[in-house]
Amino acid sequence: MARNRSHKTRRIARNNSVVVIGLGRFGRALALELADEETEVLGIDEDPEVVQLLSGSLTHVVRADSTKEAVLRQLAVHEFDRAVVAIGTDLEASILTASLLVSFGIQDVWAKAISEAHGRILSQLGVQHVVYPEHDMGQRVAHLVRGRMLDYIEFEDDFAMVKTTPPTDIVGQRLADSGVRSRYGITVVAIKRPGEDFTYATADTVVEADDTIIVAGRTRQTERFSELQ
């Protein structure tokens, strides 16, 4: 049985797919989303019920102890280009697993952290991408609650993109005439008419009241713009 699993995972790895270790709420949602986007996913978890639940939903799902190097090598995890450690409450398992993935030389390792201290340890181990799902989601929801934002993405270096509705003082005007960039310090990058798809905004785009727009700029400036009526 172990040989069959190793053979399958080797085929997955050559296709530049993703291994997701830890299939709790975060790991499961991530793995299923990747699978929906036609990414081949190897899922690993110690809980047999979780493995059974996801059997057939992912390319391959295995019950295994991810803190054991021999086990991961048998599953050909070392051949993957991308790996996610989504283990949450078991800090020791998270750290040991992440350490093994880094030692394998995997190009992109992502790991979930549940605290700043946990995140620092993961970074010190050499994990390239440390994520804080609960913290990040809390920040995102807080931004959405504050104004008329429909969606919000904050990048590093104090830059954000916001999906919102246009304030009344730019409605009916060409973007070139609205002075939106000089007055508010943001750029309207895309626009969506009701019943249509998003398209790139240009200087000649005329904004209507029932449009949805995406704006980009410094975080605080995008926030202020979304609060305009």
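So, here is what we can say about the structure in this document. (Residues numbered from 1 in each chain as written. Predicted model: local features only at pLDDT ≥ 70, side-chain atom pairs only at ≥ 80, totals over all residues. Heavy atoms only, no water.)

**Brief notes about the sheet that holds strand β6 (residues 129-131)**
For step 1, the next point in the chain: A sheet is described by the order of its strands in space; here 6 strands give the open sequence β3-β2-β1-β4-β5-β6, paired in parallel fashion. Every other strand in the sheet has two partners, leaving β3 (60-63) and β6 as the edge strands with one partner each. Shown here is a sheet whose adjacent strand axes are inclined to one another by a mean of 15°, direction ignored.
For step 2, the next point in the chain: Relative to the sheet, helix α2 (residues 25-36) contacts β1 (18-21), β2 (41-45), β4 (82-85), β5 (108-112) and β6, its axis offset from that of β1 by approximately 160°. (Pairing = 2+ DSSP bridges. Helix = DSSP H or I, 4+ residues; strand = E, 2+ residues; numbered from the N terminus. Axes fitted to C-alpha atoms, helices over the stretch in contact; angles between N-to-C directions. Contact = heavy atoms within 4.5 Å.)

**What to know about the packing of aromatic side chains**
For step 1, the next point in the chain: Considering all chains together, one arrives at 2 aromatic pairs under this definition.
For step 2, the next point in the chain: Both rings, one in Phe-155 and one in Phe-159, keep their centres 6.3 Å apart while their planes meet at 45°; by these two values the pair is tilted.
For step 3, the next point in the chain: Given the relative accessible area of 38%, Phe-155 is considered partly exposed.
For step 4, the next point in the chain: Pairing Tyr-184 with Phe-225 gives two aromatic rings, centres 5.5 Å apart and planes at 65°, and the pair type is edge-to-face. One end of the pair, Tyr-184, is in helix α9 (residues 180-184); the other, Phe-225, is in helix α10 (residues 219-226), with 41 residues separating them in the sequence.
For step 5, the next point in the chain: For Phe-225, a relative accessible area of 1% gives the class buried. (Phe/Tyr/Trp six-rings, centres within 6.5 Å; stacked < 30°, edge-to-face > 60°. Buried < 20%, exposed > 50% of the residue type's maximum accessible area, 1.4 Å probe, protein only.)

**What about the nonpolar core?**
For step 1, the next point in the chain: Ranked by size, the top nonpolar core spans 24 residues in total, and within it Val-19, Leu-42, Ile-44, Leu-72, Val-77, Leu-101 and Ile-106 carry the most contacts.
For step 2, the next point in the chain: Elements supplying a minimum of two residues to this core: β1, β2, β4, α5 (91-103) and β5.
For step 3, the next point in the chain: If one sorts the elements of this core by residue count, α5 sits on top with 4 residues.
For step 4, the next point in the chain: Dropping the residues within four chain positions of it, Val-77 is found in contact with Val-19, Leu-42, Ile-44, Leu-72, Leu-101, Phe-104 and Ile-106.
For step 5, the next point in the chain: Ala-160, Ile-170, Val-180 and Val-215 belong to the second-largest nonpolar core, a separate cluster that totals 15 residues. (Core = buried A, V, L, I, M, F, W, Y, C linked by side-chain atoms within 4.5 Å.)

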